[in-house]
Amino acid sequence: MKKFNPNKNIIIALVLGILVVTVLSLSLAKRASGGKSNIVQSVVNDSVAVMDKVISAPVRFVENSIDSVRNLLDTYDENQRLKAKIDEYDNAVQQNTNKDREIKTLKEELKLNETLTDFEKITANVISRSPDSWQDVLIIDKGSKDGLENNMAVLSNKGLVGRIIEVNLASAKVELLTSANETSNHFPVRISSKNGESFGLLKNYDEKLEALVVDQVTGSADLKTGDVVQTSGLGGNSPADLPIGEVVEAKTDKFGLDKNVYVKPYAQMYDLSVVTVVARETGGE
């Protein structure tokens with residue numbers, strides 16, 4: 001095996017170093033004199049330029065990649081901040097909508113209370129409503145300690161919505177007029193028309209027409225659309241003159257013996273948050 005000679009390598013390196021220095025010196029001298037570069041100088045310059053491109057290209061690629069990743073991360077962070085702001089805005093809009101609806105409901109309840117000047121009233125909040133009996137029963141946050149009793153009439157929005165069927169110390173159950181319970185103690189009503197008054201019993205609810213149904217109608221008055229329906233007070237379980245709704249249709253049954261009157265209620269039954277319980281007429285027992 002040929003023995004490695006370090007002295008020879010050192011000599012070669014020195015020679016190459018001298019040549020490079022010489023070429024650079026000649027290049028500088030030539031540039032200073034304004035002359036053209038020779039072949040050796042051109043080869044060296046081109047080699048240096050190529051090597052610079054080869055070495056610098058990966059460096060620039062890495063730098064550009066890092067910048068791209070950094071920009072991508074900055075964009076992601078900015079998007080997250082914008083999404084958070086949008087969510088906050090949407091929440092604020094929804095809260096304002098809810099507050100506007102609550103204010104509207106309270107204004108309607110206040111207006112209703114102002115019309116019931118002849119009655120002792122108790123305002124209550126709806127605290128629950130069972131999904132399996134949504135059209136039948138709701139629970140309010142007032143009870144016997146507040147003076148509530150069974151069969152008291154309950155109103156909301158602009159009219160009658162039901163009656164109390166169960167009273168606890170601090171809560172009570174309200175059966176709505178939309179209940180399918182046909183054994184319930186229904187309201188006697190008075191229908192006022194231009195040519196007289198008729199009386200009947202508010203008995204059930206027609207889901208298809210979204211109307212209350214009054215049957216056992218007595219009286220010879222010719223009932224028309226828009227006639228006003230109120231409680232009559234007959235039977236003693238509820239006070240008279242509580243608003244219920246307006247007539248939308250009146251027709252006899254299939255046997256021609258009884259007249260059914262369909263009433264569009266003033267109050268809606270599906271979005272109740274506040275109700276007014278009529279305790280009694282002022283000055284009465």
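Residues numbered from 1 in each chain as written. Predicted model: local features only at pLDDT ≥ 70, side-chain atom pairs only at ≥ 80, totals over all residues. Heavy atoms only, no water.

Engineer: Give a detailed account of the overall build of the protein, specifying residues and quantitative values.
Structural biologist: A count of helical and extended segments in the protein gives 2 helices and 12 strands. For the protein, the N- to C-terminal ordering of α and β elements is α-α-β-β-β-β-β-β-β-β-β-β-β-β. For the protein, the proportion of its 285 residues judged to be buried stands at 31%. Once local pairs closer than 6 in sequence are excluded, the contacts in the protein between residues at least 24 apart make up 57%. Per element, the accessible surface of the protein, about 18600 Å² overall, is 57% carbon and sulfur. (Helix = DSSP H or I, 4+ residues; strand = E, 2+ residues; numbered from the N terminus. Buried < 20%, exposed > 50% of the residue type's maximum accessible area, 1.4 Å probe, protein only. Contact = heavy atoms within 4.5 Å. Areas by Shrake-Rupley, 256 points an atom, 1.4 Å probe, with all protein chains shown as cover.)

Engineer: Kindly report on the pairing of strand β5 (residues 172-176), identifying the contributing residues and their values.
Structural biologist: Burial analysis of β5 places 4 of its 5 residues in the buried class, which makes it a mostly covered element. As paired elements, strand β2 (residues 137-140) and β5 share 4 bridges and run antiparallel to each other. Note on β5: the bridge partner recorded for Ile140 is Ala172. Inspection of the sheet shows strand β4 (residues 159-167) paired to β5 by 5 bridges, in the antiparallel sense. Counterpart to Gly162 in the pairing with β5 is Leu176. Hairpin remark: β4 followed by β5, antiparallel, with 4 residues in the connecting loop. (Pairing = 2+ DSSP bridges.)

Engineer: Describe unusual backbone geometry, listing the residues and the values that go with them.
Structural biologist: Although it is not a glycine, Asn157 sits at a positive phi angle of roughly 55°. Secondary-structure assignment places Asn157 in the loop between β3 (153-156) and β4. Phi is positive for Asp241, which is not a glycine, with a value near 75°. Classification of Asp241 by relative accessible area gives partly exposed; the value is 42%.

Engineer: Break down a nonpolar patch on the surface for me, citing the residues and quoting the values.
Structural biologist: On the surface, a nonpolar cluster with roughly 310 Å² of combined accessible area is contributed by Ile10, Leu14 and Ile18. Within the secondary structure layout, Ile10 lies in helix α1 (residues 6-33). For Ile10, a relative accessible area of 47% gives the class partly exposed. (Patch = residues over 30% accessible without salt bridge, like charges linked within 9 Å, V, L, I, M, F, W, Y side chains within 5 Å. Salt bridge = Lys/Arg side-chain N within 4 Å of Asp/Glu carboxyl O.)

Engineer: Outline the pattern of salt bridges, supporting the account with residue identities and numerical values.
Structural biologist: Throughout the structure, instances matching the rule amount to 9 salt bridges. A salt bridge links Glu210 to Lys264; the nearest nitrogen and oxygen atoms lie 3.7 Å apart. Placement of the pair is Glu210 in the loop between β7 (196-206) and β8 (211-218) and Lys264 in strand β11 (residues 259-265), with a sequence separation of 54 residues. On the basis of relative accessibility, which here comes to 41%, the residue Glu210 falls in the partly exposed class. Each of Arg190, Glu197 and Asp241 takes part in salt bridges that share partners, so that together they form one network.

Engineer: Provide a residue-level description of the environment of Asp271, including the pertinent values.
Structural biologist: Along the polypeptide, Asp271 turns up in the loop between β11 and β12 (274-281). Each C-alpha atom of the pair Asp271 and Val126 lies 9.9 Å from the other, and the pair is 145 residues apart in sequence.

Engineer: Give me the sheet that holds β8: which residues, what numbers.
Structural biologist: The strand order around the closed barrel formed by 6 strands is β6-β7-β8-β11-β10-β9, and the pairing between neighbours is antiparallel. Across the sheet, the mean angle separating the axes of adjacent strands is 45° when strand polarity is ignored. Examined bridge by bridge, β7 and β8 share 6 bridges and lie antiparallel to one another. Looking at β8, one finds that Asn204 is bridged to Val213. (Axes fitted to C-alpha atoms, helices over the stretch in contact; angles between N-to-C directions.)

Engineer: Describe in detail the environment of Val278, supporting the description with residues and values.
Structural biologist: For Val278, the position within the fold is in strand β12. The spacing of Val278 and Ile122 is 156 residues in sequence and 6.5 Å in space, taken between C-alpha atoms.

Engineer: Tell me what's going on with the packing of aromatic side chains, and back it up with residues and numbers.
Structural biologist: Counting across every chain of the model gives 0 aromatic pairs. Stacked on the ring of Phe187, the Lys or Arg Arg163 has its end atom at 3.9 Å from the ring centre. (Phe/Tyr/Trp six-rings, centres within 6.5 Å; stacked < 30°, edge-to-face > 60°. Lys NZ or Arg CZ within 6 Å of the ring centre and 35° of its normal.)

Engineer: Describe the side chain of Asp227, naming the residues involved and giving the relevant values.
Structural biologist: Here Asp227 shows up in the loop between β8 and β9 (228-231). For the buried residue Asp227, which engages in no salt bridge, the nearest side chain bearing the opposite charge is Lys194, 7.5 Å off. A distance of 2.7 Å separates a polar atom in the side chain of Asp227 from the backbone nitrogen of Lys224. Here Asp227 is in contact with Ile191, Ser192, Ser193, Asp222, Gly245, Glu246 and Val247, once residues within four sequence places are set aside. (Lys, Arg positive; Asp, Glu negative; His and termini not counted. Polar contact = N/O pair within 3.5 Å; in protein donor to acceptor, adjacent residues only side chain to side chain.)

Engineer: How would you summarise the environment of Ile165 if you had to cite specific residues and measurements?
Structural biologist: Tracing the backbone shows Ile165 in strand β4. Not counting the four nearest positions on each side in its chain, Ile165 is found in contact with Val137, Asn150, Lys173 and Glu175.

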